[in-house]
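Breakdown of the fold
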Amino acid sequence: MGRPETRQRFEEIYLAYYADLLAYIRRRTESHEDAADALAETFATAWRRLADVPDGHAARLWLYGVARRVLANGRRTATRRSALVERLGAQLARWAESAGPPDDDLDAVLAAFRLLDADDREVLALASWEGLTSEEVATVLGCSPGAARSRLHRARRRLARELSRAGVDVARYGVRALALVGRKA
């Protein structure tokens, strides 16, 4: 089957069964966007496997089967995503309970962090929030690992100074203070 014939066959199938498939999918989805995605995936599969699409009325049934599998895959994905969101939410809640400072300390940490210049905030965020090593921070900043370590050391010292000025017991939190700032920022 040459290229023009392939395209023509696909267009015929698309025009013949688009409305039926849209109605089928729409009745099984919660939003127009979900329906559009499922319909697009169904016809993308039909295009990729056009040689497998039967002729005549059997093409309609074949497309219904593809749409059914696309919808089932979407439901499984949504279920996995929902379970992951619940699991992460529970983990974050446990972490917040165990790591949570008094709200006034959190506000003070956030205020102290915001008093730092943008370069200090960036190097601290890369190391603490993103969990990057000095070598990785160096790569991101485009400097040597030694320079990144020096910048990080100076930024931590300036943050500790700001925290002390705000009356926050730095020894109580240490570098965890940076992670606390990220919860509200």
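Refer to the structure presented above.
Report on the accompanying structure. From a predicted model like this one, the values you see are computed outputs, not experimental measurements.

Before going further, it helps to spend a moment on the packing of aromatic side chains. Under the criterion given, the structure shown has six aromatic pairs. With a centroid separation of 6.2 Å and an interplanar angle of 90 degrees, the aromatic rings of F10 and F43 are classed as edge-to-face. Taken together, the residues span a long stretch of sequence, with F10 in helix α1 (residues 3-26) and F43 in helix α2 (residues 32-48) at a distance of 33 residues. On the basis of relative accessible area, F43 is assigned to the buried category, the value being 5%. An aromatic cluster is defined as three or more aromatic residues linked by ring pairs; in this entry it consists of F10, Y14, Y18, F43 and W47.

A few words now on the environment of V137. Its place among the elements puts V137 in helix α6 (residues 134-141). In this structure V137 comes out as buried when scored by relative accessible area, which is 2%. Spatially, the C-alpha atom of V137 lies 6.4 Å from that of L126, the residues being 11 residues apart in sequence. Setting aside anything within four residues of it in sequence, one finds V137 in contact with V123, L126, A127, L132 and A148.

Below, the discussion takes up the packing of helix α5 (residues 118-129) against α6. Taken N-terminus to C-terminus, the directions of α5 and α6 make an angle of 135 degrees; their axes are 10 Å apart at the nearest point. Relative to α6, α5 is oriented oblique. Note that α5 runs across α6; the crossing there is right-handed. On α6, the residues that touch E122, V123, L126 and A127 of α5 are V137, V140 and L141.

On to the pattern of salt bridges, then. Tallied over the full model, the rule gives eight salt bridges. The salt bridge involving E11 is made with R7; its shortest N-O contact spans 3.3 Å. One end of the pair, E11, and the other, R7, are both in helix α1, four residues apart, so they sit about a helical turn from each other. A residue is classified by how much of its surface remains accessible, and R7, at 56% relative accessible area, is exposed.

In this section: the packing of α5 against helix α7 (residues 145-165). The interhelical angle for the contact between α5 and α7, taken along N-to-C directions, is 105 degrees, at an axis separation of 9 Å. By the angle between their axes, α5 is roughly perpendicular relative to α7. Residue-level inspection shows D120, V123, L124 and A127 of α5 in contact with α7, the latter providing A148, R151, L152, A155, R156, R158 and L159. Residue composition of the contact of α5 with α7, by class: seven nonpolar, no polar and four charged.

Another aspect to go through is α7. With 21 residues, α7 should cover 30 Å at 1.5 Å per step; its first-to-last C-alpha distance of 30 Å lies within 8% of that length. Of the residues making up α7, those classed as buried are A148, L152, A155, L159, E162 and L163. Along the long axis of α7, the arc covered by the buried residues comes to 95 degrees, so they all point the same way. Just past α7, the residue G167 takes up positive phi, approximately 80 degrees.

What follows is about the nonpolar core. L21, I25 and L63 are the most contacted members of the largest nonpolar core, which has 21 residues in total. At the level of elements, α1, α2 and α3 (58-99) are the ones that each hand at least two residues to this core. In terms of residue count, the dominant contributor to this core is α3 (eight residues). Leaving out residues up to four positions away in the same chain, L21 has contacts with L39, T42, F43, L63, Y64 and A67.

So, how was this worked out
Residues numbered from 1 in each chain as written. Predicted model: local features only at pLDDT ≥ 70, side-chain atom pairs only at ≥ 80, totals over all residues. Heavy atoms only, no water. Phe/Tyr/Trp six-rings, centres within 6.5 Å; stacked < 30°, edge-to-face > 60°. Helix = DSSP H or I, 4+ residues; strand = E, 2+ residues; numbered from the N terminus. Buried < 20%, exposed > 50% of the residue type's maximum accessible area, 1.4 Å probe, protein only. Contact = heavy atoms within 4.5 Å. Axes fitted to C-alpha atoms, helices over the stretch in contact; angles between N-to-C directions. Parallel < 35°, antiparallel > 145°, perpendicular 65-115°, else oblique. Left-handed = near helix turned anticlockwise from the far one by under 90°. Salt bridge = Lys/Arg side-chain N within 4 Å of Asp/Glu carboxyl O. Nonpolar A, V, L, I, M, F, W, Y, C, P; charged D, E, K, R; others polar. Expected span 1.5 Å × (residues − 1). Arc of directions from axis to C-beta. Core = buried A, V, L, I, M, F, W, Y, C linked by side-chain atoms within 4.5 Å.

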